[in-house]
Amino acid sequence: MSFRRLLSVLLTSALGAMGLVGLTAAPAQAAPNFKAPYPCGQQWTYSHHSAEVRLALDFVRSDGGATAGAPVLASASGTAYRYYEAGGAGNYVVVDHGGGWKTYYFHLAAYSIGHGQGVAQGQQIGTTGSTGASSGAHLHYEQLYNGVGQTIRINGASLAPYPGSYYQKYLTSDNGCAGGGTYWVDTFADAPGHASPTSTTRTGTLYAGTHYVFCKVWGREIRDGAGNYNHWWLRTDLDVGPGNQYVSAYYLSRWGNDQARDNNGTVIRDC
């Protein structure tokens, strides 16, 4: 018998004596259905620094709204803990989701929860800022399993491969959209969809008819030959193309220049 074979037999015998033969590592706990860490309908762009060893992403807002002071929401339910690190994360929150899963939210301007408080998915836990080692307002976000950084997944979909700079990839939130987060509107013609209110690249089509929209953002002007125009853009899901895109409020059937109201006349909220 070779030395290697002998060693294998002895090791197997020893493990058997301890009752360890046949044991396997415990299976990984399924991750929560994480959602974007900012409010429904908002679009943010993200990037990754190669020096970040925990597969973190940095987010800044890209839909015309301000990054500084924007609400930061829990990606999933759990127990939230507040911390401060002067030379690094600044004000930050850790949400323990159970089963070994945690999310981290760095550089907050302020906290919105108490230490050890239970939070629901979509609940505000802080506001975006630039505390700690930060050169400008942004949200540093991490997902960890048993202390090891994981590739960020939102609604079960991986955000990899990560971009190395902002304005290459974008993510629109559906966190907190349920429960009255939409408005119903009529459009008089097929409307081209775009990834942002300033983009000129068409991503799909919203057919003429009745649709829900999430919110509005001020953007580039759409004008016709008769002088009708609108600067408002509506966040919605296209009939053809990806979800959470923008269409111009110019296509609303019932309202005039620079108006963005639903079918009941309610002003659509800002994203």
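Residues numbered from 1 in each chain as written. Predicted model: local features only at pLDDT ≥ 70, side-chain atom pairs only at ≥ 80, totals over all residues. Heavy atoms only, no water.

A. Representation of the overall build of the chain within the structure. Summing up its helical and strand segments, the chain has one helix and 20 strands in all. Here the chain holds 271 residues, and the buried ones make up 44% of them. A sequence separation of at least 24 residues applies to 61% of the contacts in the chain between residues at least 6 apart. Of the accessible surface of the chain, which amounts to about 12,900 Å², a share of 53% is contributed by carbon and sulfur atoms. (Helix = DSSP H or I, 4+ residues; strand = E, 2+ residues; numbered from the N terminus. Buried < 20%, exposed > 50% of the residue type's maximum accessible area, 1.4 Å probe, protein only. Contact = heavy atoms within 4.5 Å. Areas by Shrake-Rupley, 256 points an atom, 1.4 Å probe, with all protein chains shown as cover.)

B. Structural context of the pattern of salt bridges. Tallied over the full model, the rule gives six salt bridges. A salt bridge links Lys35 to Asp174, with the shortest nitrogen-to-oxygen separation between them at 3.2 Å. Linking Lys35 in the loop between helix H1 (3–17) and strand S1 (43–47) with Asp174 in the loop between strand S13 (170–172) and strand S14 (183–187), this pair joins segments that are 139 residues apart in sequence. Overall, the relative accessible area of 14% leaves Lys35 in the buried class. (Salt bridge = Lys/Arg side-chain N within 4 Å of Asp/Glu carboxyl O.)

C. Molecular detail of the environment of Tyr38. In this structure, Tyr38 sits in the loop between H1 and S1. Sequence separation of Tyr38 and Ala70 is 32 residues, and the distance between their C-alpha atoms is 7.7 Å. Those residues in contact with Tyr38, other than ones at most four positions away along the chain, are Trp44, Phe59, Pro71, Leu73, Leu171, Thr172, Ser173 and Asn175. For Tyr38, the side chain forms a polar contact with the main-chain oxygen of Leu171, separated by 2.7 Å. (Polar contact = N/O pair within 3.5 Å; in protein donor to acceptor, adjacent residues only side chain to side chain.)

D. Expanded view of the nonpolar core. Core analysis: the biggest nonpolar cluster contains 28 residues, and Phe59, Val93, Tyr105, Ile125, Leu159 and Leu171 have the highest contact counts within it. Elements with a minimum of two residues in this core: S1, strand S2 (57–61), strand S5 (90–98), strand S6 (101–111) and strand S9 (139–145). Of all hydrophobic cores here, the second largest spans 24 residues; its members include Cys40, Cys177, Leu206 and Trp232. (Core = buried A, V, L, I, M, F, W, Y, C linked by side-chain atoms within 4.5 Å.)

E. Layout of the pairing of strand S20 (residues 245–248). Across the two faces of S20 the burial is the same, with Gln245 and Val247 and Tyr246 and Ser248 all buried. Note that strand S19 (residues 229–236) and S20 share four bridges and pair antiparallel. Opposite Trp233, over in S20, you have Ser248 as the bridge partner. (Pairing = 2+ DSSP bridges.)

F. Up close: the pairing of S6. One ladder, built from six bridges, connects S5 with S6; its direction is antiparallel. The partner of Val94 across the bridge, within S6, is Tyr104. In textbook terms, the turn of a hairpin is the stretch between consecutive antiparallel strands, and for S5 and S6 this stretch comprises two residues, one of which, Gly99, has a positive phi near 65°. Where S6 and strand S8 (residues 124–128) come together, three bridges link them in antiparallel fashion. Residue pairing in the sheet places Tyr111 in a bridge with Gly126 of S8.

G. Unusual backbone geometry, seen in detail. A cis geometry characterises the amide bond from Ala160 onward to Pro161, with omega recorded as 0°. With respect to the helices and strands, the residue Pro161 is situated in the loop between strand S12 (157–158) and S13. Of note, the phi angle at Asn146 is positive, near 50°, even though the residue is not glycine. With respect to the secondary-structure elements, Asn146 resides in the loop between S9 and strand S10 (148–149). You can call Asn146 exposed: its relative accessible area is 54%.

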